[in-house]
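Spelled out from the first residue to the last, the chains are:
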Amino acid sequence: HGSTVLANLCDEAANEPDEPSENLQVPTATAKRDTPMSLSPNPAGSFVTLSLEPLEEEKEAVLEIYNQFGQLMLRKDLGIIGQLSDRIDIRQFNAGVYYVSLMVGGERFEQRLLVSKG
């Protein structure tokens, strides 16, 4: 009987540390899988097309692109949108990794963009 109680305690202890990390991982996994935003082509050289699936209602949208050091490279007010397909000129960007952030209403969608030259 004592071993059952011990086994239950071990199970509970084993589950506890996982809970916070699972909670932290859920938004990341969800953002990658369920994001209504896409970038193509990726990697890109001169232009990249940012697409957003149709929204339930039109919302204010702002596009921001950051370099790998977190510096803002481009900010574009997109106005009130219900969906989006926007061609972005990235010819002035050096080769490297960038982070495309799209704020729609109160939600932020982010995606990594690889810029390759040559």
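Reading the values: the criteria
- Residues numbered from 1 in each chain as written.
- Predicted model: local features only at pLDDT ≥ 70, side-chain atom pairs only at ≥ 80, totals over all residues.
- Heavy atoms only, no water.
- Helix = DSSP H or I, 4+ residues; strand = E, 2+ residues; numbered from the N terminus.
- Pairing = 2+ DSSP bridges.
- Axes fitted to C-alpha atoms, helices over the stretch in contact; angles between N-to-C directions.
- Core = buried A, V, L, I, M, F, W, Y, C linked by side-chain atoms within 4.5 Å.
- Buried < 20%, exposed > 50% of the residue type's maximum accessible area, 1.4 Å probe, protein only.
- Contact = heavy atoms within 4.5 Å.
- Phe/Tyr/Trp six-rings, centres within 6.5 Å; stacked < 30°, edge-to-face > 60°.
- Lys NZ or Arg CZ within 6 Å of the ring centre and 35° of its normal.
- pLDDT = per-residue confidence, 0-100.

(A) View of the environment of Gly70. Checked against the element boundaries, Gly70 lands in the loop between strand S3 (59-67) and strand S4 (72-81). Taking the C-alpha atoms as reference points, Gly70 and Tyr99, 29 residues apart in sequence, are found 8.4 Å from one another.

(B) Quick look at the sheet that holds strand S1 (residues 37-40). If you trace the three strands from one edge of the open sheet to the other, you get S1-S2-S5, paired in antiparallel fashion. Two strands bound the open sheet, and with one partner strand each, they are S1 and strand S5 (84-89). Adjacent strand axes in the sheet meet at a mean angle of 20°, parallel and antiparallel pairs treated alike. Both S1 and strand S2 (residues 47-52) contribute to a ladder of four bridges, which runs antiparallel. Each bridged residue has a counterpart across the sheet, and for Leu39 the counterpart in S2 is Leu50.

(C) Spatial organisation of the nonpolar core. Residues Leu50, Leu63, Ile90, Leu102 and Leu113 are the most contacted members of the largest nonpolar core, which totals 22 residues. Going through the elements one at a time, S1, S2, S3, S4, S5, strand S6 (96-104) and strand S7 (107-115) are the ones with two or more residues in this core. With four residues, the top contributor of residues to this core is S6. Setting aside its immediate chain neighbours within four residues, Leu63 contacts Leu50, Leu74, Arg75, Lys76, Leu78, Ile88, Val100, Ser101 and Leu102.

(D) Geometry of the packing of aromatic side chains. Using the criterion set out here, one finds one aromatic pair in the structure. The aromatic ring of Phe47 is capped on one face by Arg87, whose charged end is 3.8 Å from the ring centroid.

(E) Broad picture of the sheet that holds S3. The strand order across the open sheet formed by four strands is S4-S3-S6-S7, and the pairing between neighbours is antiparallel. With one partner strand each, in any of the chains shown, S4 and S7 form the two edges of the open sheet. Pairs of neighbouring strands in the sheet enclose a mean axial angle of 15°, with direction left out of account. Strand direction decides the pairing type here: S3 and S6, joined by seven bridges, are antiparallel. Within the sheet, the bridge partner assigned to Ala61 lies in S6 and is Val104.

(F) Broad picture of the confidence of the model for the chain. Scored by pLDDT, the chain has a mean of 80; 71% of the residues are at 70 or more. The spread of mean pLDDT over the elements of the chain runs between helix H2 (residues 18-34), the lowest at 42, and S3, the highest at 96. Predicted confidence for residues 2-8 stays below pLDDT 50, and this span has zero contacts to residues more than four positions away or in other chains.

(G) Representation of the environment of Gln68 within the structure. Considering the arrangement of structural elements, one finds Gln68 in the loop between S3 and S4. Each C-alpha atom of the pair Gln68 and Tyr98 lies 5.7 Å from the other, and the pair is 30 residues apart in sequence. When neighbours within four sequence positions are excluded, Gln68 is seen to be in contact with Val97 and Tyr99.

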